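Residue-level listing of the chains:
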Amino acid sequence: MNIGNQCCVFLSTFLCISICLGEDYDLDDKTGLGRSFDGIGSLSGGGATSRLLVNYAEPYRSQILDYLFKPTFGASLQILKVEIGGDAQTTDGTEPSHMHYEDDENYFRGYEWWLMKEAKKRNPNITLIGLPWAFPGWVGNGENWPYSFPDITASYVVSWIFGAKQYHDLDIDYVGIWNERSFNSKYIKLLRYTLDKSGLERVKIIASDNLWEPISSVVIADKELQDAVEILGVHYPGTNTVPEALKTGKKLWSSEDYSTFNDNVGGGCWARILNQNYVNGKMTATISWNLVSSYYEDLPFERDGLMTAKEPWSGNYVVESPIWITAHTTQFTEPGWTYLQTVGHFTHGGSYVALTDERGNLTIITETMTHDHSVCIRPPLPSYDVTDQNVTFHLKGTFASISELQVWHSRFDFKTNKTALFQNIKPIKVTEGSFSIELDVDEVYTFTTVRNGQRGSYPDPPPSAPFPKSYKDDFDVSGNPYFSEAPNFADQTGVFEYFTNQTDPGPHVSTLRQVVTQRPVTWVADADQTISVIGDYQWQDLMVSCDIYMESVHAGGVFIAVRVNKGGGVVSHFHFWVNYPFKLFNSDSKDIYNGNYASADLDGYPLWKNAVLWEPRHGWAAIGTSSFELAQFDNFAIEALL
């Protein structure tokens, strides 16, 4: 019995000493380095996710951009990927193409040009990527597939790259290849040939911007394809890769990831995958979808941006936790730094990475995010455990002489809601090449020799406010010279852009025109009717009026709508009133929805009055056409009662 007690005492003491001492981890460059770091970035588009950002007034718009792109201020993003607009619904809306038709070129449509220039203004070294999710109908030549005529598609994409340089002095670094159904080897090779023939050898190709397979295996087997592709890019890899991808020897990127509600669990998701995409999958760049949640909240995937800026009418925006989680890496590294080979998982859960500029600087990022506090929207996350732990890092090789590290700390508190993000705390001393730290769960640390980190800040923006109940727009283009879209209109199908009629000196010189006349090539559901929504999803009783002009006299039609309760990829199920087949200009059309009763007037003539309708109960206002056709709108006005 005494022997047993002595054994228990010994075992207990041994366990205590083991736990108190914690675990040891070496960080060493003596045996070589890992892969080159390519950056952390984000994605505007796929689709129309930055739509409301451009309508913010100053100084709030510039403040938002600073939080996203300004080095050593906020997220300090190192990569910006944008949609090459294709006139089609691509998740939350439509972005305009630079070529609506084969003989049409205009490199000032949309807002992605402006956004890339603003990013470059803040960070001249930011990497720029373009990716088409959809294409104008003429590219597919009547088919809903962009690769049946690969020479046309390649020329279309290359023209966008040329336009970026010629009209905006933007050098595009990479172009993506993507279609959810499959990838097309012939097209990738032809695009590489077209780029080279056009003097764009510096523009590299990312493929297939979808899954690891089958492209990894095909690249190994096809030398010409191997030469054409620079980056193997995947969407939502769950931090894992496949053996064939590693065998290619190509750089591996998570070229679209995150896509998660940006509360603190979303911040935890982002913290975990930023580390583990490299630890588990050797991916050297991670790009979040999306950059900033600047689309109406009740569209699909609301608040999936790194920050939220969805109220240009109030000026309110929110710097969410993913901004500061990004800063843990981006403010203390640069593309071209190199991962150490000695990175990995902690024994008691969590992960650590370390990077160097190979000139003596070292940055270590640790995360101990628990399972339930770091779930991403996709793919499913297997169960795992994380516990409090004491870790000791041993700095060896080039780093053995480091005597002090700067420390930045984030702690997610899911019990008392006292979360602290990106706090600069007391530097840690390195003694004889080692330092120890006690890691709690749901924490992120950065230990670094880099001293210029900053938690940038501005005075609080104005308070949140709903969309104004009284709203008017005469579509005077002189009031909004930078963008082709009218403020706050969110195109869901079709493209509505400013139009100036040079031959008409009357009151309708400037209108809003629906310009897409052929169903686009798209991977997500587009409605049969074009539609652009505006306002407050919770609106119930309201009156909408607008001057409308049908350019097709004997066919088609236009509408103004109320209580539109579906958008994004399910926009085909919206509810609307259609007014046709009238040819109208300088004529007033009104829809009124009050309680369960709807009325419509045309030039003061009642079309119907007090029609009883029970559904939908609420929704946005909208304008649109009954098919893909040319139509114009002017003097739009809303009066909302509820």
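Residues numbered from 1 in each chain as written. Predicted model: local features only at pLDDT ≥ 70, side-chain atom pairs only at ≥ 80, totals over all residues. Heavy atoms only, no water.

If you look the protein chain up in an unreviewed UniProt entry, it shows as Galactocerebrosidase from Sinocyclocheilus anshuiensis. In the Sequence similarities (unreviewed entry) part of its UniProt record, the protein chain is described as follows: "Belongs to the glycosyl hydrolase 59 family." (UniProt positions renumbered as here; feature names shortened; annotations may be inferred.)

**Thoughts on the overall build of the protein chain**
For the protein chain, the count of helices and strands is 11 helices and 34 strands. In terms of overall dimensions, the protein chain is globule-like: its C-alpha atoms have a radius of gyration of 27 Å, near the 26 Å expected for 642 residues. In terms of its C-alpha atoms, the protein chain occupies a principal-axis envelope of roughly 100 × 55 × 45 Å. By residue count, 59% of the 642 residues in the protein chain fall in the buried class. (Helix = DSSP H or I, 4+ residues; strand = E, 2+ residues; numbered from the N terminus. Rg over C-alpha atoms; globule rule 2.2 N^0.38 Å. Buried < 20%, exposed > 50% of the residue type's maximum accessible area, 1.4 Å probe, protein only.)

**Remarks on the packing of aromatic side chains**
What the rule picks out here adds up to 42 aromatic pairs. Considering the side-chain rings of Y296 and W313, the 6.2 Å spacing of their centres and the 20° angle between planes classify their relative orientation as stacked. Taken together, the residues Y296 in the loop between β11 (292-293) and β12 (307-311) and W313 in the loop between β12 and β13 (316-318) connect sequence positions 17 residues apart. Of the residues examined, Y296 reaches a relative accessible area of 4% and is grouped as buried. In this structure W313 comes out as partly exposed when scored by relative accessible area, which is 26%. One residue, R513, lies across the ring of F499, its end atom 4.3 Å from the ring centre. (Phe/Tyr/Trp six-rings, centres within 6.5 Å; stacked < 30°, edge-to-face > 60°. Lys NZ or Arg CZ within 6 Å of the ring centre and 35° of its normal.)

**Topic: the nonpolar core**
Considering soluble globular proteins, one finds that nonpolar side chains tend to be buried as a cluster. F69, L80, I188, L191, I364 and L395 are the most contacted members of the largest nonpolar core, which totals 120 residues. Excluding anything up to four places from it in sequence, L395 contacts L27, L362, I364, A400, I402, L405, V430, G433 and F435. (Core = buried A, V, L, I, M, F, W, Y, C linked by side-chain atoms within 4.5 Å. Contact = heavy atoms within 4.5 Å.)

**Here's the deal with the confidence of the model for the protein chain**
In this model, the protein chain carries a mean pLDDT of 91, and residues with pLDDT of at least 70 account for 91%. A low-confidence stretch, residues 578-587 (pLDDT under 50), is modelled with 39 contacts involving residues beyond four sequence positions or located in other chains. (pLDDT = per-residue confidence, 0-100.)

**Remarks on the UniProt feature "domain: Glycosyl hydrolase family 59 central" (unreviewed entry) in the protein chain**
Here the UniProt feature "domain: Glycosyl hydrolase family 59 central" (unreviewed entry) sits at residues 339-454. As a span, residues 339-454 carries 0% helix and 46% strand, and end to end its C-alpha atoms are 23 Å apart.

**Thoughts on the side chain of T449**
Along the chain, the position of T449 falls in the loop between β22 (443-448) and β23 (470-473). Within the local environment of T449, its side chain forms a polar contact with the side chain of N361, the two groups lying 2.7 Å apart. A polar atom in the side chain of T449 sits 3.0 Å from the backbone nitrogen of L362. Ignoring anything within four residues of it in the chain, the contact list for T449 reads G360, N361, L362, I402 and L405. (Polar contact = N/O pair within 3.5 Å; in protein donor to acceptor, adjacent residues only side chain to side chain.)

**Digging into the pattern of salt bridges**
Summed over all chains, the structure comprises 30 salt bridges. The shortest N-O distance in the salt bridge between K165 and D169 comes to 3.0 Å. The exposure class of D169 is exposed, given its relative accessible area of 57%. Among the ionic pairs, D171 bridges to K165, the shortest N-O distance being 3.2 Å. (Salt bridge = Lys/Arg side-chain N within 4 Å of Asp/Glu carboxyl O.)

**Some points on the sheet that holds strand β18 (residues 389-395)**
In a beta sheet, neighbouring strands pair by backbone hydrogen bonds and run either parallel or antiparallel. Taking strand neighbours across the sheet as the criterion, the 3 strands line up as β1-β18-β21 in an open arrangement whose pairing is mixed. Only two strands of the sheet have a single neighbouring strand rather than two, namely β1 (23-27) and β21 (434-439). The mean angle between the axes of side-by-side strands here comes to 25°, regardless of whether they run parallel or antiparallel. Pairing of β18 with β21 involves 6 bridges; the strand directions are antiparallel. In the strand pairing of β21, H394 is matched with S434. (Pairing = 2+ DSSP bridges. Axes fitted to C-alpha atoms, helices over the stretch in contact; angles between N-to-C directions.)

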